[in-house]
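Structure at a glance
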Amino acid sequence: MQKLFSQNSPLSGFGLGMLTPQGNIAQQSMGSVGVSTSNSFWVNTLNPALLVRNGSVIFDAGYNFKIQQLRSDKAQQSFTTGNFNYATLALPITKKWTSAIGLQPYSYLEYLTETSAKVENSDFFAYYTFKGEGGLNNFFWANGFMPIKNLSLGVKMSYLFGNLTRESVTELIASGQNSRIAFLQRDNINQITWNVGTSYRYPLEKDRKFLNFGLTYDLSAQMKTKRFEAFEKRDFFGNNLIAPSFVDTLTTIKGKTFLPARLRVGVSYEKLNHYTIHAEMISQNWSQFRRFDIPDTQLTNRLTFAIGGEWTPEFGSNKFLNRSTYRIGFNHTPQILQIEGKTLAETNFSLGGSFAFSGGQGKLTYLHLGIIAGQRGNLSRNGLQERYIEARLGVSLSDVLWFYRPKID
């Protein structure tokens with residue numbers, strides 16, 4: 001069998017697809033850390049407990065642009081994509097309670113792979129096409145509370161929804177006429193899931209230096225899934241359809257997709273409004289994943305390590321570059337998949353910055369920029385390698401005086 005080409009990410013074809021980085025662009029630019037500390041200028045969606053740090057109304061939004069290169073033993077291909085990253089609105093309810101709603105992609109399934117093979121005892125070739133598309137989205141409502149000084153608690157309710165479509169097509173060409181038989185499988189998924197978090201801020205030097213601890217736990221979920229399966233036959237002469245296609249619906253059934261629990265822990269050292277250094281670990285046992293009680297044997301237990309830091313030269317300075325914040329990060333997962341007995345790793349490095357603009361009385365705008373460069377798989381070990389560079393652009397709009405109205409004497 002000969003591999004002709006692939007498009008987008010063939011490694012996204014397992015489980016729920018390729019998981020998208022969570023959090024905002026400021027966090028994504030530090031190796032996707034941020035479970036242990038936050039600030040008041042943008043919304044921390046990694047740990048709902050840290051929402052209480054937002055004392056003003058804040059709207060966050062981001063966009064992602066990606067350049068990706070796929071390499072195999074015999075071929076190489078590059079392509080670009082762009083997509084929505086997130087949108088979040090945070091509202092302080094009281095001084096010790098902040099609520100937020102938001103929408104963010106959770107995973108994506110996007111690949112097209114073609115192969116060919118000679119039919120035995122004939123001069124004909126059969127062509128095989130494997131295609132996947134779709135993904136899941138996360139609409140959430142989160143709340144953060146501070147019951148006592150320096151200790152915060154949080155809970156986030158998420159509604160995961162979307163569909164994952166996988167299609168395999170077999171085509172046999174004979175005397176200019178070809179027939180294509182397609183098998184289609186589409187899973188429509190929707191489920192409410194829960195995340196709880198906590199954070200503790202230990203002061204080392206009063207109001208200046210802190211040692212922060214954070215933890216979140218995503219509860220496992222049996223996600224409601226409706227599956228549609230069908231065969232479709234298509235007859236062509238050259239590129240022209242010569243016979244009507246027909247669809248033979250095999251089944252439409254309801255079942256469950258099991259999403260494993262996820263634990264995230266982190267620690268950070270913070271000098272207020274000057275710099276912060278983060279370290280985090282994320283654990284999720286994807287070997288427990290099931291679709292209709294069937295495991296995906298390519299999925300492995302994932303343990304991710306991440307470090308990151310941010311630095312503001314002079315907070316509150318009149319000089320634009322001095323009051324801006326600069327970031328760097330590193331993220332490594334030794335095992336994201338296991339294919340043909342060999343594990344695939346993912347590693348990425350990130351850089352970014354946030355630039356402050358005054359919007360008038362009580363208003364502040366931050367422009368976030370981030371660059372992430374990474375690799376999945378290894379050509380010599382796995383026979384397939386994905387390299388990517390992602391440029392991310394985001395904005396945070398805050399209004400301290402949203403709930404205040406001027407009084408006229």
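Our subject is the structure that appears above.
The following paragraphs examine the structure supplied in this document. (Residues numbered from 1 in each chain as written. Predicted model: local features only at pLDDT ≥ 70, side-chain atom pairs only at ≥ 80, totals over all residues. Heavy atoms only, no water.)

One pass over the structure, following the stated rule, counts 11 salt bridges. Arginine 227 serves as the salt-bridge partner of aspartate 187, at 2.7 Å between the closest nitrogen and oxygen. Of this pair, aspartate 187 sits in strand 8 (residues 177–205) while arginine 227 is found in strand 10 (residues 221–237), placing the two residues 40 residues apart along the sequence. Note on accessibility: aspartate 187 and arginine 227 belong to one class, buried. (Salt bridge = Lys/Arg side-chain N within 4 Å of Asp/Glu carboxyl O. Helix = DSSP H or I, 4+ residues; strand = E, 2+ residues; numbered from the N terminus. Buried < 20%, exposed > 50% of the residue type's maximum accessible area, 1.4 Å probe, protein only.)

This part takes up the packing of aromatic side chains. Evaluated as defined, the whole model comprises 14 aromatic pairs. With 6.2 Å between their ring centres and 40° between their planes, tyrosine 269 and tyrosine 275 make a pair best called tilted. Judged by its relative accessible area of 27%, tyrosine 269 falls in the partly exposed class. Taking 5.9 Å as the distance between ring centres and 20° as the angle between the ring planes, the aromatic pair formed by phenylalanine 320 and phenylalanine 355 counts as stacked. Of this pair, phenylalanine 320 sits in helix 2 (residues 320–323) while phenylalanine 355 sits in strand 18 (residues 342–358), and the two are 35 residues apart along the sequence. Under the relative-accessibility criterion, phenylalanine 355 is labelled buried at 15%. Aromatic ring contacts, followed pair by pair, group Trp311, Phe320, Tyr326, Phe355 and Phe357 into a single cluster. The ring of phenylalanine 210 has arginine 201 sitting right over it, with the charged end atom 3.9 Å from the ring centre. (Phe/Tyr/Trp six-rings, centres within 6.5 Å; stacked < 30°, edge-to-face > 60°. Lys NZ or Arg CZ within 6 Å of the ring centre and 35° of its normal.)

Tracing the backbone through its elements, the reader meets threonine 257 in strand 11 (residues 240–259). Side-chain polar atoms of threonine 257 contact the side chain of threonine 225, separated by 2.7 Å. If we ignore the near neighbours within four places in the chain, the residues touching threonine 257 are Leu16, Ile189, Ala221, Gln222, Met223, Thr225, Phe289, Arg290 and Arg291. (Polar contact = N/O pair within 3.5 Å; in protein donor to acceptor, adjacent residues only side chain to side chain. Contact = heavy atoms within 4.5 Å.)

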